[in-house]
Amino acid sequence: MRLDKFLAHHLGASRTIVNKELKAKKVTVDGEIIKTGAYQLSPDQLVEYDGYQIEQVANQRYFMLNKPQGYVCSTNDPDHPTILYFIDEPMPEKLHAAGRLDLDTTGLVLLTDDGKWSHRITSPKHHCEKIYVVTVEQPLKVELIDIFKKGIQLKSEKSLTKPAKLTIIDDFHAELIISEGRYHQVKRMFAAVNNHVIALHRKQIGNVILDIPEGEYRPLTQDEIHSFS
């Protein structure tokens, strides 16, 4: 990779600013001052800017995050803090959520910079199951189990939702398994049966189970990564 491109990505600066910093002799590669942005950088070289080491990101990355309420699943938002607040990694802005959660929804978010991998999670043709714990306003009726299993007609949608598995925990709590990701789908499904979701938490995507405290993140294991192959 060209050195100026590497620095622009890692410093969040324009190529113009990067080239000025290079000419000011602020950048070294393996201890040698480099002044040209065209320098070809290899993955094993040590880059320092103004005396501080810049860690190279060579491999694709995969994380799980336990998202709290009040954060959006994007890299930049003018009105709300983003989930990148919790990610202490080089170039966090290069990561994206493989299946977003709403501002007020909590739980499992998968983050990666591997677009093909995230597509296997989000694409409807892969039928990746997501498991949610739902808290509702009105008491749950047992007949909803069959209604959800047959598919629900959402407002402004042409087709029914795919069959979903509803397990009633108590009058106001249920577990719901869906295999698609329509806009605000879980909330809209309950609205279609005259109920209102007051809390929503995602605890599993595919075979990946959330197992960390709220606000924390960890790398996925190789088994977890390959489970979406």
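Here we summarise the structure given alongside this text. As the structure is a computational prediction, the values presented were derived from the model and not from experiment. (Residues numbered from 1 in each chain as written. Predicted model: local features only at pLDDT ≥ 70, side-chain atom pairs only at ≥ 80, totals over all residues. Heavy atoms only, no water.)

1. Remarks on the overall build of the protein chain
Then, in step 1: If you tally the helices and strands in the protein chain, you get six helices and 13 strands.
Then, in step 2: At 22 Å, the protein chain has a C-alpha radius of gyration far larger than the 17 Å of a compact globule built from 229 residues.
Then, in step 3: Across its three principal axes, the protein chain shows a C-alpha extent of roughly 70 × 35 × 35 Å.
Then, in step 4: Counting every position in the protein chain, which comprises 229 residues, the buried fraction comes to 42%.
Then, in step 5: Restricting the contact set of the protein chain to residue pairs at least 6 apart, pairs at least 24 apart contribute 61%.
Then, in step 6: Of the side chains in the protein chain, 29 bear a positive and 31 a negative charge, and the two mean positions are spaced by 8 Å. (Helix = DSSP H or I, 4+ residues; strand = E, 2+ residues; numbered from the N terminus. Rg over C-alpha atoms; globule rule 2.2 N^0.38 Å. Buried < 20%, exposed > 50% of the residue type's maximum accessible area, 1.4 Å probe, protein only. Contact = heavy atoms within 4.5 Å. Lys, Arg positive; Asp, Glu negative; His and termini not counted. Charge placed at Lys NZ, Arg CZ, Asp CG, Glu CD.)

2. Description of helix α2 (residues 15–23)
Then, in step 1: Inspection of α2 places Val 18, Glu 21 and Leu 22 among the buried residues, and these make up the whole buried set. Take α2 and look down its axis: the buried residues cluster within an arc of 105 degrees, on one side only. With respect to the buried face of α2, the exposed residues turned more than 90 degrees away are Thr 16, Lys 20 and Lys 23.
Then, in step 2: Lys 25 occupies a position one or two residues after α2 and carries a positive phi of about 65 degrees. (Arc of directions from axis to C-beta.)

3. Observations concerning the pattern of salt bridges
Then, in step 1: Going through the model one piece at a time under the given rule, you end up with twelve salt bridges.
Then, in step 2: Arg 218 is paired through a salt bridge with Glu 224; the nearest N and O atoms lie 2.8 Å apart. By the burial criterion, Arg 218 is buried, and Glu 224 matches it.
Then, in step 3: Beyond isolated ion pairs, a larger network of salt bridges with shared partners links Glu 157, Glu 180, Arg 182 and Arg 188. (Salt bridge = Lys/Arg side-chain N within 4 Å of Asp/Glu carboxyl O.)

4. Let's talk about the nonpolar core
Then, in step 1: Core analysis: the largest hydrophobic core is formed by 31 residues, its most contacted members being Val 134, Phe 148, Leu 176 and Phe 190.
Then, in step 2: The set of elements that each furnish at least two residues to this core consists of β5 (62–67), β7 (106–112), β8 (130–136), α4 (144–150), β10 (173–178), α5 (185–192) and β11 (197–205).
Then, in step 3: By size, the runner-up hydrophobic cluster in this structure holds 15 residues, among which are Ala 98, Ile 205, Val 208 and Leu 210. (Core = buried A, V, L, I, M, F, W, Y, C linked by side-chain atoms within 4.5 Å.)

5. Regarding the state of the cysteines
Then, in step 1: Applying the stated criterion across every chain, the model contains zero disulfides.
Then, in step 2: Left unpaired, Cys 128 is separated from the closest cysteine sulfur, that of Cys 73, by 15 Å. (Disulfide = S-S within 2.5 Å.)

6. Description of the pairing of β5
Looking down a regular strand, the side chains alternate between one sheet face and the other.
Then, in step 1: The element β5 is largely enclosed, with a buried count of six among its six residues.
Then, in step 2: Burial along β5 is two-sided: Tyr 62, Met 64 and Asn 66 facing one way and Phe 63, Leu 65 and Lys 67 facing the other are all buried.
Then, in step 3: Summarising the sheet, β5 and β7 pair through six bridges and their orientation is antiparallel. Within β7, the residue paired with Lys 67 across the bridge is Gly 107.
Then, in step 4: Alignment of β5 against strand β13 (residues 217–219), held across three bridges, turns out to be antiparallel. Following the sheet pairing, Phe 63 is matched in β13 by Pro 219. (Pairing = 2+ DSSP bridges.)

7. Describing the packing of helix α1 (residues 3–11) against α2
How two helices sit against one another is set out by the angle between their axes and by the gap between those axes.
Then, in step 1: Put simply, α1 and α2 touch, their axes get as near as 9 Å, and they point 115 degrees apart. Overall, the two elements α1 and α2 adopt an arrangement that is roughly perpendicular. The element α1 and its partner α2 pack so that their crossing is right-handed. Here α1 contributes Leu 3, Asp 4, Lys 5, Leu 7 and Ala 8 to the contact with α2, which in turn contributes Arg 15, Val 18, Asn 19 and Leu 22. (Axes fitted to C-alpha atoms, helices over the stretch in contact; angles between N-to-C directions. Parallel < 35°, antiparallel > 145°, perpendicular 65-115°, else oblique. Left-handed = near helix turned anticlockwise from the far one by under 90°.)

Nothing here speaks to function; it is geometry throughout.
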